[in-house]
Amino acid sequence: MKHPIPDFLEILSTLYEHKVDFIIVGGVCAVLHGAPVTTFDLDLVHSRSPDNLERLMSSLKKLGAYYRSRGEQRLTPRLSDISSPGHQLLMTAYGPLDLLGTIGIGHDYEDLLKHCITIEVGELRLNALDLQTLIEVKKETISEKDKAIIPILKRTLEEKSKQS
Amino acid sequence: MDNKPIYKNSEKAFLSTDDDSYSEDGVDLTLIRWMLTLTPTERLQTLQQNIHSIRKLRGETSDS
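This text gives an overview of the structure that appears in the document. Keep in mind that what you see is a predicted model, and the values were worked out from it rather than measured.

So, on to the overall build of chain A. Counting its regular elements, chain A contains seven helices and seven strands. Ordered by position in the sequence, the α and β elements of chain A form the string α-β-α-β-α-β-α-β-β-α-β-β-α-α. The C-alpha atoms of chain A give a radius of gyration of 15 Å, which matches the 15 Å a tight globule of 164 residues would have. Burial analysis of chain A (164 residues in total) assigns 50% to the buried set. Of the contacts made within chain A by residues no fewer than 6 positions apart, 61% connect residues no fewer than 24 positions apart. Taken as a whole, chain A presents about 7800 Å² of accessible surface, with 52% of it coming from carbon and sulfur.

Listed below in structure tokens is the structure:
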């Protein structure tokens, strides 16, 4: 199956236009902070409030989101799916999008909101997890991929601190 | 005869450059410093260009 070339800005713009409350985490968050890493998907923790889930569903329809693990089935996410604390691994018209109900040891949108900074990307003002918290959450996970990125994130944080 | 692999020495020399290009744990600090000169928008564009380049190398895209 041929996948689209990722355009993270297009996904973020669509969510922003629909006024979806979300926090950028994962590799794209690391890149926005200045870490020289590469990732192929956009990881977001979304608010699971009823109103936000409705807005998120509308934007997912516009993005043509479907589960990327289901091959040609094109199974689309339901409201009950995105209201769960689990991870929804989706493909959209603009590339892979992972919607994460919780990350690490059960941190949800409300927990993480107090550890966010606002990052301006073009016209968008986006919530991204602060670098220190991103490192802490990566430490909580058991993924080897996440562990491998931690030294780079720590050094990025150090270099940023020197500049400020 | 010294059976230590040559790469061990060269690796050590590579990582112990006099300047501070690498951290003690081998992270390339020059890339971090370069990324920090960019705006968040430029960093995101760089990421997307990297993905595009990798996919071209894999033969997954046909455009030049």
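The terminal C-alpha atoms of helix H3 (residues 40–57) of chain B lie 26 Å apart, and with 18 residues this matches the ideal 26 Å at 1.5 Å per residue to within 8%. Along H3 of chain B, the residues classified as buried are Arg43, Leu44, Thr46, Leu47, Gln48, Ile51 and Arg55 of chain B. Elements that come into contact with the buried residues of H3 of chain B comprise helix H1 (8–17), helix H2 (26–33) and strand E6 (116–121) of chain A together with helix H2 (29–37) of chain B. Where H3 of chain B ends, the next residue or the one after it, Gly59 of chain B, has phi of about 80°, a positive value.

This brings us to the packing of helix H7 (residues 144–163) of chain A against H2 of chain B. Two numbers describe how H7 of chain A lies on H2 of chain B: the axes approach to 10 Å, and their chain directions differ by 55°. As judged from the angle between their axes, H7 of chain A and H2 of chain B are oblique. Crossing geometry of H7 of chain A relative to H2 of chain B is assigned as right-handed. Taking contact as the criterion, the partners of Ile152, Arg155, Thr156, Glu159, Lys160, Lys162 and Gln163 of chain A in H7 of chain A are, on H2 of chain B, Leu29, Ile32, Arg33 and Leu36 of chain B. Of the residues in the contact of H7 of chain A with H2 of chain B, the class split is four nonpolar, two polar and five charged.

Conventions we followed
- Residues numbered from 1 in each chain as written.
- Chains lettered and ligands numbered in written order.
- Predicted model: local features only at pLDDT ≥ 70, side-chain atom pairs only at ≥ 80, totals over all residues.
- Heavy atoms only, no water.
- Helix = DSSP H or I, 4+ residues; strand = E, 2+ residues; numbered from the N terminus.
- Rg over C-alpha atoms; globule rule 2.2 N^0.38 Å.
- Buried < 20%, exposed > 50% of the residue type's maximum accessible area, 1.4 Å probe, protein only.
- Contact = heavy atoms within 4.5 Å.
- Areas by Shrake-Rupley, 256 points an atom, 1.4 Å probe, with all protein chains shown as cover.
- Expected span 1.5 Å × (residues − 1).
- Axes fitted to C-alpha atoms, helices over the stretch in contact; angles between N-to-C directions.
- Parallel < 35°, antiparallel > 145°, perpendicular 65-115°, else oblique.
- Left-handed = near helix turned anticlockwise from the far one by under 90°.
- Nonpolar A, V, L, I, M, F, W, Y, C, P; charged D, E, K, R; others polar.

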